[in-house]
Amino acid sequence: MKFMQHTRLENLEDGLPKLRHYTLRFMDEDWDDRYRAAQRENNLSALRVAFWIALVLNTVFVPQDLTFYPANGVDIALARGIGMNVLIVLLLSFSYASYWRTRWPGLLMFLAIGYTIFQSWANIYGGAENPVDHGFVLMIFIIYSLLPFFYIQAVNAALICTAIYLGVTIGFGWPHADISAVIYTVMLIVAANVIGFVALRRLELLRRRAFATSELVEEERGRVRDLLDRILPASVAARLRDGETRVVEELADVTVLFADVEGFTMLAAQCKPEETLDILSGTFERFDRLVTRHGVEKIKTIGDAYMVAAGAPRGSSCDAREIAALALDMMQEVRDLKRPDGTPLHIRVGIARGPIIAGVVGDSRFLYDLWGDAVNTASRMETTGEADRIQVTRDVVDALEHAYDFEPRGEVEIKGKGLMPTWWLIGPKAQAEAAE
């Protein structure tokens, strides 16, 4: 058919999942199950609306039965007004029962067949002069458009009702009917089925396309959310997703840690690129696991430098204690790491504490970063430190001296600050001593 050639939406060649040509089901069973589950949930409310509309339309036709049928019009009107309306209300009430929450197409099938049988009986009992019934033609269109069947169910329901109507009305009601009236009736009902089928098929294609597009968009959104959560703190990523375009905050007490591989520049010059990458990747992956364990926030890596913070972003419950524990674990973690020549790998760690400014920079490649004196000082603590040691400032000692042991290093020349007293973080105090 030329019409179908120009509307072959079922190919879905633009990246959407493929559909079966005749049934319009997704070829991927998982996709089809998800679609049907969504339709079941959405169509339950549409089912109830359809029953209410059917109740109103059926009631509207009651007065017409009194004048339309040559005989027994009162009986037919009573049967429609009472019998059919009771059936519709009964089926509507069943839709609220838990048993029918996923079996509601059966209720629709009862309604369609019930109305077809009633209409066939009414035509015979009412003494209609010919088998033409525009009310049943309307019923065909209602099955295809108003009743929220699944695609194949709607087609089956329409064909079953058509067979029942034609079989009863023509086979029993008009055994000697005018052949032209019979042909007209059959052509009219067949035409109604063809039009309804083509319209429903196109609607189903569009509906499945919309569902697949929505699902793929949601999957992409999920990937974007995951990506944001990987490169940004969770609370900051949530603020960006909620529509904030500028994330910046002043934080009064943040502890910042820098860790650096000792002699990395010379090491990188001596190693192959793959070996350099393996060293950094292996070291930072271990650090990432430690960061997750201690609940602090990884800020970024710069070359071989690894930056972490506690107390940022706003709402973080971590403080200097978690940073100190992390630093000690880092030292422990690198003890079994080796350079390509088999010699041990060493790191330096520096820690400082104080107020900072935090925020997201960039509009295409987001980066959550920290600025302030505490950040600069922590970096200086690392660069002026020694291999396998953790150098800290007075603010860090003041915050942790009740729980950790420190060794005074003396004054150290710090760029931009002059001479500063610094300390080495040794380790946690004994439990009894810490309790005192």
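What counts, and where the lines are drawn
- Residues numbered from 1 in each chain as written.
- Predicted model: local features only at pLDDT ≥ 70, side-chain atom pairs only at ≥ 80, totals over all residues.
- Heavy atoms only, no water.
- Helix = DSSP H or I, 4+ residues; strand = E, 2+ residues; numbered from the N terminus.
- Rg over C-alpha atoms; globule rule 2.2 N^0.38 Å.
- Buried < 20%, exposed > 50% of the residue type's maximum accessible area, 1.4 Å probe, protein only.
- Contact = heavy atoms within 4.5 Å.
- Lys, Arg positive; Asp, Glu negative; His and termini not counted.
- Charge placed at Lys NZ, Arg CZ, Asp CG, Glu CD.
- Axes fitted to C-alpha atoms, helices over the stretch in contact; angles between N-to-C directions.
- Parallel < 35°, antiparallel > 145°, perpendicular 65-115°, else oblique.
- Left-handed = near helix turned anticlockwise from the far one by under 90°.
- Core = buried A, V, L, I, M, F, W, Y, C linked by side-chain atoms within 4.5 Å.
- Salt bridge = Lys/Arg side-chain N within 4 Å of Asp/Glu carboxyl O.
- Expected span 1.5 Å × (residues − 1).
- Arc of directions from axis to C-beta.

Trainee: Any chance you could break down the overall build of the protein for me, citing the residues and the numbers?
Mentor: A count of helices and strands for the protein gives 15 helices and eight strands. Its C-alpha atoms give the protein a radius of gyration of 38 Å, clearly above 22 Å, the size a compact globule of 436 residues would have. The principal-axis extent of the C-alpha atoms belonging to the protein is close to 115 × 50 × 35 Å. By the burial criterion, 44% of the 436 residues in the protein qualify as buried. Contacts in the protein between residues at least 24 apart in sequence constitute 69% of all its contacts with a sequence separation of at least 6. The averaged location of the 56 negative side-chain charges in the protein is 5 Å from the averaged location of its 45 positive side-chain charges.

Trainee: Could you give an account of unusual backbone geometry, naming the residues involved and the relevant values?
Mentor: It is generally the case that most residues other than glycine have a negative phi and that most peptide bonds are trans. Each neighbour pair has its own omega, and for Ala312 with Pro313 the value is 0 degrees, a cis peptide bond. Along the chain, Pro313 turns up in the loop between strand 3 (305-310) and helix 12 (320-333). Although it is not a glycine, Leu24 adopts a positive phi angle of roughly 60 degrees. Tracing the sequence through the fold places Leu24 in the loop between helix 1 (2-6) and helix 2 (29-60). The exposure class assigned to Leu24 is buried, which follows from its relative accessible area of 0%. In this model, Asn72 sits at a positive phi of 60 degrees, which is unusual for a non-glycine residue. Relative to the assigned elements, Asn72 resides in the loop between helix 3 (62-68) and helix 4 (73-94).

Trainee: Give a description of the packing of helix 8 (residues 179-231) against helix 9 (residues 234-241) that names residues and reports values.
Mentor: In contact at an axis separation of 8 Å, helix 8 and helix 9 are set at 140 degrees when each is read in the N-to-C sense. By the criterion of interaxial angle, the relationship of helix 8 to helix 9 is oblique. Crossing angle aside, the handedness with which helix 8 passes helix 9 is right-handed. Where helix 8 approaches helix 9, its residues Arg225, Leu228 and Asp229 are matched on the opposing element by Ala234, Ala237 and Arg241.

Trainee: Give me the nonpolar core: which residues, what numbers.
Mentor: Counting 53 residues, the largest nonpolar core has Phe51, Ile143 and Leu147 as the members making the most contacts within it. Counting residues per element, this core draws most heavily on helix 7 (residues 151-173), which supplies nine residues. Once residues lying within four places of it in the same chain are set aside, the contact partners of Leu147 are Ala50, Leu108, Leu111 and Ile142. Within the second largest apolar cluster, 41 residues are counted, among which are Val296, Ala325, Val349 and Tyr404.

Trainee: Lay out the pattern of salt bridges in plain terms, naming residues and giving numbers.
Mentor: Per the stated rule, a full pass over the model turns up 29 salt bridges. Asp288 is paired through a salt bridge with Lys298; the nearest N and O atoms lie 3.1 Å apart. Remark: Lys298 occurs in strand 2 (residues 297-302) and Asp288 occurs in helix 11 (residues 273-294); sequence separation between them is 10 residues. Judged by relative accessible area, which is 32%, Lys298 ranks as partly exposed. Arg394 is paired through a salt bridge with Asp398; the nearest N and O atoms lie 3.4 Å apart. Taken together, the residues span about one helical turn, with Arg394 and Asp398 both in helix 14 (residues 394-400) at a distance of four residues. Owing to a relative accessible area of 40%, Asp398 belongs among the partly exposed residues under this scheme. Linked by salt bridges that have partners in common, Arg20, Arg25, Glu29, Asp32, Glu204, Arg207 and Arg208 make up one network.

Trainee: Summarise the environment of Gly350; cite the residues concerned and give the values.
Mentor: Structurally, Gly350 is set in strand 4 (residues 347-361). In this structure Gly350 comes out as buried when scored by relative accessible area, which is 0%. It is 8.7 Å that separates the C-alpha atoms of Gly350 and Ala327, two residues lying 23 residues apart in sequence. For Gly350, the contacting residues outside a window of four places in its chain are Val256, Leu257, Phe258, Ala378, Met381, Glu382 and Gln391.

Trainee: Give me the lowdown on the packing of helix 2 against helix 5 (residues 104-125), citing residues and values where you can.
Mentor: Between helix 2 and helix 5, whose axes approach to 10 Å, the crossing angle comes to 25 degrees. When the interaxial angle is binned, helix 2 and helix 5 end up roughly parallel. In terms of crossing hand, the pair formed by helix 2 and helix 5 is left-handed. Contacts between helix 2 and helix 5 involve Gln39, Arg40, Asn43, Leu44, Leu47, Phe51, Ala54 and Asn58 on the former and, on the latter, Trp104, Leu107, Leu108, Leu111 and Tyr115.

Trainee: Break down helix 11 for me, citing the residues and quoting the values.
Mentor: For helix 11, spanning 22 residues, the distance from its first C-alpha to its last is 32 Å, which sits close to the expected 32 Å at 1.5 Å a residue. Of all the residues in helix 11, the buried ones are Thr276, Ile279, Leu280, Thr283, Phe284, Arg286, Phe287, Leu290, Val291 and His294. For helix 11, the arc enclosing every buried residue in end-on projection is 150 degrees, short of the 170-degree limit, so these residues lie on one face. In helix 11, the exposed positions angled more than 90 degrees off the buried face are occupied by Pro273, Glu274, Leu277, Asp278, Arg289, Thr292 and Arg293. Next to the buried residues of helix 11 lie strand 1 (248-261), helix 10 (264-270), strand 2, strand 3, helix 12 and strand 4.

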